[in-house]
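Fold and contact review
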Amino acid sequence: MTAAVEIPTRPEAAGSARALLPYEPQSASAARRLVRATLRAWELDDLVEAGELIVSELAGNAAKTGCRRRMTVTVERITSRCVRISVRDGSRILPCLIDAGTAAESGRGLALVHHLTAGHWGAELEPFGKTVHADLRTRPT
């Protein structure tokens, strides 16, 4: 199943873009396309690389939950200088930031999210799952 993403052609300055994606590893690439297209439409090119890394980690973690429905990937313009990337999935298990060490083959993804957002990320439990979000800020001009 290929994940189809509807990307807004002209996102509002304080708008959002959203995609419902299957719980498959391939959904991470669809999530990256959504983030890339949305940030570029908002002329926030300096956030694209970090945004793609963050959404890859969040969507990849969601794909591993074993849920059967769809995850929701959202990119929101919180302020003129802040964008929130979030992934909602059907698991109520909260993510945990760990010190995986340099030799570990996995477990460093949330540390990367923590680093790229300067600690501005979190998770909220919902009745039927959770949403994990990460806030990216532009550099002051």
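As shown above, the structure is provided for reference.
The model shown is predicted, which means the values in this text are computed figures rather than measured ones. (Residues numbered from 1 in each chain as written. Predicted model: local features only at pLDDT ≥ 70, side-chain atom pairs only at ≥ 80, totals over all residues. Heavy atoms only, no water.)

**With respect to the sheet that holds strand 2 (residues 70-79)**
- Read across the sheet, five strands follow the order 1-2-3-5-4 without closing on themselves; strand pairing throughout is antiparallel. Both edges of this open sheet fall to strand 1 (16-22) and strand 4 (121-126), since each of them pairs with a single strand only. The average undirected angle you get between the axes of adjacent strands in this sheet is 20 degrees.
- Note that strand 4 and strand 5 (residues 129-137) share six bridges and pair antiparallel. Across the sheet, the residue bridging to glutamate 126 is glycine 129, located in strand 5.
- Along the sheet, helix 2 (residues 48-63) contacts strand 2, strand 3 (82-89) and strand 5; its crossing angle with strand 3, the most-contacted strand, is approximately 15 degrees. (Pairing = 2+ DSSP bridges. Helix = DSSP H or I, 4+ residues; strand = E, 2+ residues; numbered from the N terminus. Axes fitted to C-alpha atoms, helices over the stretch in contact; angles between N-to-C directions. Contact = heavy atoms within 4.5 Å.)

**Some thoughts on helix 3 (residues 109-116)**
- Listed in full, the buried residues belonging to helix 3 are Gly109, Leu110 and Val113. Projected onto a plane normal to the axis of helix 3, the buried residues spread over an arc of 95 degrees and lie on a single side.
- If you follow the buried residues of helix 3, they end up packed against helix 2, strand 4 and strand 5.
- Positive phi appears at alanine 118, one or two residues downstream of helix 3, with a value of about 55 degrees. (Buried < 20%, exposed > 50% of the residue type's maximum accessible area, 1.4 Å probe, protein only. Arc of directions from axis to C-beta.)

**Side note on helix 1 (residues 27-41)**
- For helix 1, with 15 residues, the first-to-last C-alpha span of 21 Å sits near the 21 Å given by 1.5 Å per residue.
- The set of residues buried in helix 1 consists of Ser27, Ala28, Ala30, Ala31, Leu34, Val35, Thr38 and Leu39. Angular distribution of buried residues about the axis of helix 1 spans 160 degrees; they occupy a single face of the element.
- Where helix 1 is buried, its residues contact strand 1, helix 2, strand 2 and strand 3.
- Downstream of helix 1 by a residue or two, glutamate 43 has a phi angle that is positive, lying close to 60 degrees. (Expected span 1.5 Å × (residues − 1).)

**Focus on the side chain of serine 91**
- Tracing the sequence through the fold places serine 91 in the loop between strand 3 and helix 3.
- A residue is classified by how much of its surface remains accessible, and serine 91, at 12% relative accessible area, is buried.
- Here the side chain of serine 91 touches isoleucine 93 through a polar contact of 3.1 Å, landing on its backbone nitrogen.
- If near-sequence neighbours (up to four positions away) are discounted, serine 91 is found in contact with Thr65, Cys67, Gly129 and Lys130. (Polar contact = N/O pair within 3.5 Å; in protein donor to acceptor, adjacent residues only side chain to side chain.)

**Focus on the side chain of aspartate 89**
- In this structure, aspartate 89 sits in strand 3.
- Of the polar contacts made by the side chain of aspartate 89, one reaches the backbone nitrogen of serine 91; its length is 2.9 Å.
- In terms of polar contacts, aspartate 89 uses its side chain to reach the side chain of lysine 130, at 2.9 Å.
- Apart from the residues within four sequence positions on either side, aspartate 89 is in contact with Tyr23, Ala62, Thr65, Phe128, Gly129 and Lys130.

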